[in-house]
Amino acid sequence: ILLKRIEPEHGSVKLGTNLEIAFFDQLRSQLDEEESVVENVGQGSDHVEINGSRKHIIGYLQDFLFTPDRARTPVKALSGGERNRLLLAKLFTQPANLLVMDEPTNDLDAETLELLEDLLLNYSGTLLLVSHDRSFINNVVTSSIVFDTDGELREYVGGYDDWLRQRTETQNNKPKVETKPAVEKPANKPAKKSTLTYQEKLDLEALPAIIEKLEMEQETLTAKMSEPDFYQQEADKVSQVQQALSELEAKMSEAFERWELLEEKANS
């Protein structure tokens, strides 16, 4: 909806004026498989303009860990990690004041991840990021928009760990409402505590293993989609894998939400 690729089913969307959006697509559909790395980034030019200054494209691509020989390689021969680096290199040549990134850390090695963090920390525009990488979120973002367990959408200052801390502080600081019972309870009768049901205890114990299994399945599908010949298959086979990944991520989201809800209830 933000990228104007689909219309909202309900409500309305108001976009700011002079908005220039650059989009990082985790499926890398913006890359031309038949063209080389240089051709994908340079678009026929030997130079790119970065932050108001011209830079030779080979030198620019070396900043993204492409050797001169590798920079002339067709995209279809690149690994998944190299394709992500190429997409990042192409993305940062675009004049944009809003950068939208969908799971940018998938398939990135430690060196490329560090490069990406540096690029984003020095980015002068606004970044809208979706990621399962909590460390990456902690290192990069200045605020987090979260669907809390009560179904409300709230904004918190900082990253994932900051959200957890603020959520805990908010719960601890809620005013205590005291009411006097109509009939005094015996002094030696302990207050009833909120506890998990037997089934909820079983669910809480099982969820970490379930989430780990889902994450492994996600890695397998992501690696499959990163193979050089993945998009050379028939369109329906590509679509099936993409749909499977989408359904898997929805299950992961539900599992994380259930886990956090039960943890919160167990500790209340």
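The coordinates are above.
One structure accompanies this document, and this report is about it. (Residues numbered from 1 in each chain as written. Predicted model: local features only at pLDDT ≥ 70, side-chain atom pairs only at ≥ 80, totals over all residues. Heavy atoms only, no water.)

**What to know about the side chain of T93**
For clarity, the cut-off: Numbering of helices and strands runs from the N terminus, with a helix taken as a DSSP run of H or I at least four residues long and a strand as a DSSP run of E at least two residues long. What makes two residues a contact is simply this: any of their non-hydrogen atoms within 4.5 Å.
Of note, T93 is situated in the loop between α4 (80-91) and β4 (98-102). The residues contacting T93, other than those within four sequence positions of it, are V41, V48, E49, I50 and Y60.

**Notes on the pattern of salt bridges**
Just so we agree on the cut-off: Any Lys or Arg side-chain nitrogen located within 4 Å of an Asp or Glu carboxyl oxygen qualifies as a salt bridge. Each residue is placed in one exposure class: buried if its accessible area under a 1.4 Å probe, protein chains only, is under 20% of its type's maximum, exposed if it is over 50%, and partly exposed if it falls in between.
Tallying each qualifying case throughout the model produces eight salt bridges. Residue E82 pairs with R70 through a salt bridge whose shortest N-O separation is 2.8 Å. Residue E82 is found in helix α4, and its partner R70 is found in helix α3 (residues 68-71); the two are separated by 12 residues along the sequence. On the accessibility criterion, R70 (29% relative accessible area) is partly exposed. The partner of D148 in a salt bridge is R154, with the nearest N and O atoms 2.9 Å apart. With relative accessibility at 7%, the residue D148 sits in the buried group. Look at R154 and you get partly exposed, because its relative accessible area is 33%.

**Remarks on a nonpolar patch on the surface**
The condition is simple: Patch criteria: residues need more than 30% relative accessible area and no salt bridge. Like-charged residues are merged within 9 Å; nonpolar side chains of Val, Leu, Ile, Met, Phe, Trp and Tyr are merged within 5 Å. For the area figures, the Shrake-Rupley method with a 1.4 Å probe applies, and any residue is considered shielded solely by the protein chains shown.
On the surface, I1, I6 and V13 cluster together to form a nonpolar patch covering roughly 270 Å² of accessible area. Mapped onto the elements, I6 comes out in the segment before β1 (21-24). Of the residues examined, I6 reaches a relative accessible area of 53% and is grouped as exposed.

All we've got here are geometric facts, nothing functional implied.
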